[in-house]
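Topology and contacts: notes
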Amino acid sequence: MWYVIEGYDGEDVLAARLQARAAHLARLQTLLDQGRLLLAGPCPAIDAEDPGPAGFSGSVVIASFEDLSAARAWADADPYVAAGVYTRVDVRPFRKVLP
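Residues numbered from 1 in each chain as written. Predicted model: local features only at pLDDT ≥ 70, side-chain atom pairs only at ≥ 80, totals over all residues. Heavy atoms only, no water.

Attention shifts here to the pairing of strand 1 (residues 2-9). Across the 8 residues of strand 1, 6 count as buried, placing the element largely inside the fold. As judged from the 8 bridges shared by strand 1 and strand 4 (residues 86-94), these two strands associate in the antiparallel manner. Residue Gly7 lies in a different strand from strand 4, and its bridge partner there is Val89. (Buried < 20%, exposed > 50% of the residue type's maximum accessible area, 1.4 Å probe, protein only. Helix = DSSP H or I, 4+ residues; strand = E, 2+ residues; numbered from the N terminus. Pairing = 2+ DSSP bridges.)

If you want it as structure tokens, here you go:
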């Protein structure tokens, strides 16, 4: 089943985000290689493709997991969590309708 994982950035965490980014992306690449990633990306903190020093307000990942518990465990192990980038992570089931 698909699950949406929403991570919410704390204040002034851009440097920590950039430092943990490679490890964060490597985990997403693994999901992609396994055919389990629907989409993933950051949410700019301002209305711009590249927010520069304004940074990001969080990220969204939609991926397939065995169950909610597995999705939460994966989210809890995110390098952004360990680096203190995310202050909150929400995980919930997602039903893809379109496209």
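Moving on, there is more to tell.
The subject of this paragraph is the packing of aromatic side chains. Inspection of the entire model under this criterion finds 3 aromatic pairs. Site record: aromatic cluster; members linked through ring pairs are Tyr3, Phe65 and Trp74. Over the aromatic face of Trp74 sits the side chain of Arg27, whose NZ or CZ is 4.0 Å from the ring centroid. Residue placement shows Arg88 over the ring face of Tyr8; its charged tip is 3.9 Å from the ring centre. (Phe/Tyr/Trp six-rings, centres within 6.5 Å; stacked < 30°, edge-to-face > 60°. Lys NZ or Arg CZ within 6 Å of the ring centre and 35° of its normal.)

With that settled, consider the sheet that holds strand 4. Strand order across the open sheet formed by 4 strands is 2-3-1-4, with antiparallel pairing between neighbours. Whereas interior strands pair on both sides, the edge strands pair on one side only; in this sheet they are strand 2 (37-44) and strand 4. Taking the axes of each pair of neighbouring strands and ignoring which way they run, one obtains an average angle of 10 degrees across the sheet. Seen against the sheet, helix 1 (residues 14-33) touches strand 1, strand 2, strand 3 (56-64) and strand 4 and runs at an angle of roughly 10 degrees to strand 3. (Axes fitted to C-alpha atoms, helices over the stretch in contact; angles between N-to-C directions. Contact = heavy atoms within 4.5 Å.)

Relative to the assigned elements, Asp9 resides in strand 1. In terms of polar contacts, Asp9 uses its side chain to reach the side chain of Arg17, at 2.9 Å. If we ignore the near neighbours within four places in the chain, the residues touching Asp9 are Arg17, Phe56, Ser57, Gly58, Val85, Tyr86 and Thr87. (Polar contact = N/O pair within 3.5 Å; in protein donor to acceptor, adjacent residues only side chain to side chain.)

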